[in-house]
Amino acid sequence: MKRDLITPQDFTVEELDHLFDLADDIREHPAKYAHACEGKKMATCFFEPSTRTRLSHETAMLNLGGRTMGFPDAGVSSATKGETVADTARVISCFADIMVIRHPREGAAMVAAQYASIPVINAGDGGHQHPTQTLTDLLTIRSLQGHLDHFTIGLCGDLKFGRTVHSLINALVRYPDVHFVFISPPELKVPDYITDKLDELGIPYEEHVRLEDAISKLDILYMTRIQKERFFNEDDYVRLKNFYILDAEKMKLAKKDCYVLHPLPRVNEIAAEVDSDPRAAYFRQVQYGVYVRMALILTLLNIHID
Ligand code: NCD
C-alpha cells in the first residue's frame, strides 16, 4: 500500500514523533543520508506560486541523493490545455517515484493521490491544508521548546484564508493542554468549522483583535500574512494589509522565551528590526522544513537507513 500526505492527520501522533526523531537524526548526521534516494525521482507539480515550498522539497530530495523535475506554475503545464488533475497524476506516476503537488483548488491533492500510483505530498490546496508546512512548524516548535504539549500558541493575522493556520490547529489539537489564542481582524477570524471542532473537543481558545492584548501570555507567536490572492475585493485587502505589524516595541511585551514563527513569505507583518531578536525563529524554521521533508520523503518511499 502506498502512502500519501494530504492532511497532517494522515500520520498518527506516534508516527509524527518518529518522523521528527528521523528529522533530528538527519540534522545531526546529514552524511549518513546523502545517498539514501539515489536512483529515485521526485516530480514537483506547482499549479500556484511558491518559492520556499517547492525549493525546500527539491533541496530535500537533492540532499538525499535523488533527482527532481517538474513545473513551477500552471501556465507552463498542460492544465492550460484543460488536463484534469486526475490525468496529470496518472501521467506523472509513469515518470517519477514521488509527486509533490500544489493547487489553488481545495481537495486537488486528494484527487491526485487517488489517481497516482506513487506517493503524493500535498504542498497546499487552496485555503484548505498545507501539511508539510505543519510538519515544519511542529518540528520547529519541538526543537525550540522541547515539547509539543502544555503551551500557549497565538496565531495572528489572516486566520480565515491562511491554510498554514488551519493545518497547524488541526495538528495541535491532538496534543494535550495546548491553549489557542486567535488574533485577527473581525473579518479574518478563524473559520467556524475550526472553532466548532475545538468546542466539540472541549479545547479552550480565546479570540482577540489587538496583538498587544494577547502577546504577553504566549509561548509561541505564529504570525501570518494577509492572503491577498484569496480576497474577493482589492479594497478589503488594502484596508487590512497593515493591520498587524510586529515590531521591537511589541516584542518588549512578549515573554523572554516566546519564539516567533512565520511560514513566510512575510509582507509587512513583521518589521525587519525583529529579525535580530533571538526569539525570531522564522528563518530557522525554513531550515527545519528541509530536514522534515527529507524525513517525509524517506518515510513515504519506505527507505530505512541504519
Ligand atoms: C504559505 C502558503 O503557501 O500557504 N507559504 C509557504 O508555503 N511557506 C504561507 C503564505 O503564502 O502566506
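Residues numbered from 1 in each chain as written. Predicted model: local features only at pLDDT ≥ 70, side-chain atom pairs only at ≥ 80, totals over all residues. Heavy atoms only, no water.

A. Representation of the state of the cysteines within the structure. Going through the model one piece at a time under the given rule, you end up with 0 disulfides. Looking at the unpaired Cys37, the closest cysteine sulfur is the one in Cys45, lying at 17 Å. Free of any disulfide, Cys156 has its nearest cysteine sulfur in Cys258, 11 Å distant. (Disulfide = S-S within 2.5 Å.)

B. Examining the domain arrangement of the chain more closely. When the domains of the chain are assigned, the result is domain 1 (8–129 + 289–300) and domain 2 (132–286). In total, about 2200 Å² of surface goes out of reach between domain 1 and domain 2, with carbon and sulfur atoms giving 51% of it. Counting the surface domain 1 buries against domain 2, the share from its top three residues, Gln9, Phe20 and Arg52, is 26%. At the boundary of domain 1 and domain 2, one finds 4 salt bridges. Put simply, Glu48 and Arg230 hold a salt bridge, and the shortest N to O gap is 3.3 Å. For the pair domain 1 and domain 2, the interface holds 16 residue pairs in polar contact (both at pLDDT 80 or more). Elements that contribute at least two residues to the side of domain 1 that touches domain 2 include exactly helix H1 (13–28), helix H2 (52–63), strand E4 (120–125) and helix H10 (282–300). By residue number, the principal contributor to the side of domain 1 that touches domain 2 is H1, which donates 8 residues. Of the residues that constitute the side of domain 1 that touches domain 2, the class distribution is 12 nonpolar, 11 polar and 8 charged. (Domains from an automatic or database assignment. Buried area = accessible area lost by both parts, 1.4 Å probe. Salt bridge = Lys/Arg side-chain N within 4 Å of Asp/Glu carboxyl O. Polar contact = N/O pair within 3.5 Å; in protein donor to acceptor, adjacent residues only side chain to side chain. Helix = DSSP H or I, 4+ residues; strand = E, 2+ residues; numbered from the N terminus. Nonpolar A, V, L, I, M, F, W, Y, C, P; charged D, E, K, R; others polar.)

C. Inspection of the site of the ligand at higher detail. The full set of residues close to the ligand is Arg52, Thr53, Arg102, His130, Gln133, Arg163, Thr164, Arg225, Gln227, Pro263, Leu264 and Pro265. At 3.2 Å from a nitrogen atom of the ligand is found a side-chain nitrogen or oxygen belonging to Gln133. Gln227 places a side-chain nitrogen or oxygen 2.8 Å from an oxygen atom of the ligand. If the ligand stood free it would expose 310 Å²; the protein chains cover 94% of that surface. Listing elements by their share of the shell around the ligand, those giving two or more residues are H2 and helix H6 (163–172). Split into classes, the residues belonging to the shell around the ligand amount to 3 nonpolar, 5 polar and 4 charged. Here the shell around the ligand spans two domains, and each of domain 1 (8–129 + 289–300) and domain 2 (132–286) adds at least three residues to it. (Near = heavy atom within 4 Å. Areas by Shrake-Rupley, 256 points an atom, 1.4 Å probe, with all protein chains shown as cover.)

D. Representation of the nonpolar core. Residues Phe20, Ile153, Leu155, Ile169 and Phe180 are the most contacted members of the largest nonpolar core, which totals 61 residues. Here this core takes 10 residues from H10, the largest share from any one element. Both of domain 1 (8–129 + 289–300) and domain 2 (132–286) provide at least three residues apiece to this core. Grouped together as the second largest cluster of nonpolar side chains are 20 residues, Val181, Ile183, Leu211 and Ala280 included. (Core = buried A, V, L, I, M, F, W, Y, C linked by side-chain atoms within 4.5 Å. Buried < 20%, exposed > 50% of the residue type's maximum accessible area, 1.4 Å probe, protein only.)

E. Focus on the side chain of Glu269. Its location among the elements puts Glu269 in the loop between strand E9 (259–261) and H10. Look at Glu269: it is buried, it has no salt bridge, and the nearest opposite charge is Arg225 at 6.2 Å. Of note is the side chain of Glu269, whose polar atom sits 2.7 Å from the side chain of His262. A distance of 3.0 Å separates a polar side-chain atom of Glu269 from the backbone nitrogen of Val267. Ignoring anything within four residues of it in the chain, the contact list for Glu269 reads Met223, Thr224, Arg225, Tyr244, Ile245, Leu246 and His262. (Lys, Arg positive; Asp, Glu negative; His and termini not counted. Contact = heavy atoms within 4.5 Å.)

F. Just the packing of aromatic side chains, in detail. The final tally for this structure, using the stated rule, is 5 aromatic pairs. Geometrically, the ring pair formed by Tyr282 and Phe283 is edge-to-face, given 5.3 Å between the ring centres and 65° between the ring planes. Residue classification places Tyr282 among the buried positions, given a relative accessible area of 1%. Accessibility expressed as a relative area gives 49% for Phe283, which makes it partly exposed. Through successive ring pairs, a cluster of aromatic residues spans Phe180, Phe182 and Tyr205. One residue, Arg3, lies across the ring of Phe11, its end atom 4.3 Å from the ring centre. (Phe/Tyr/Trp six-rings, centres within 6.5 Å; stacked < 30°, edge-to-face > 60°. Lys NZ or Arg CZ within 6 Å of the ring centre and 35° of its normal.)

G. Region of interest: helix H7 (residues 192–201). Among all positions of H7, only Ile194, Thr195 and Leu198 are buried. Down the axis of H7, the buried set is contained in an arc of 95°. They therefore lie on one face. Across H7 from its buried face, at more than 90 degrees, point the exposed residues Asp192 and Glu200. At its buried positions, H7 is contacted by H6, strand E6 (178–183) and strand E7 (205–208). Among the residues trailing H7, Gly202 stands out with phi positive, at a value near 70°. (Arc of directions from axis to C-beta.)

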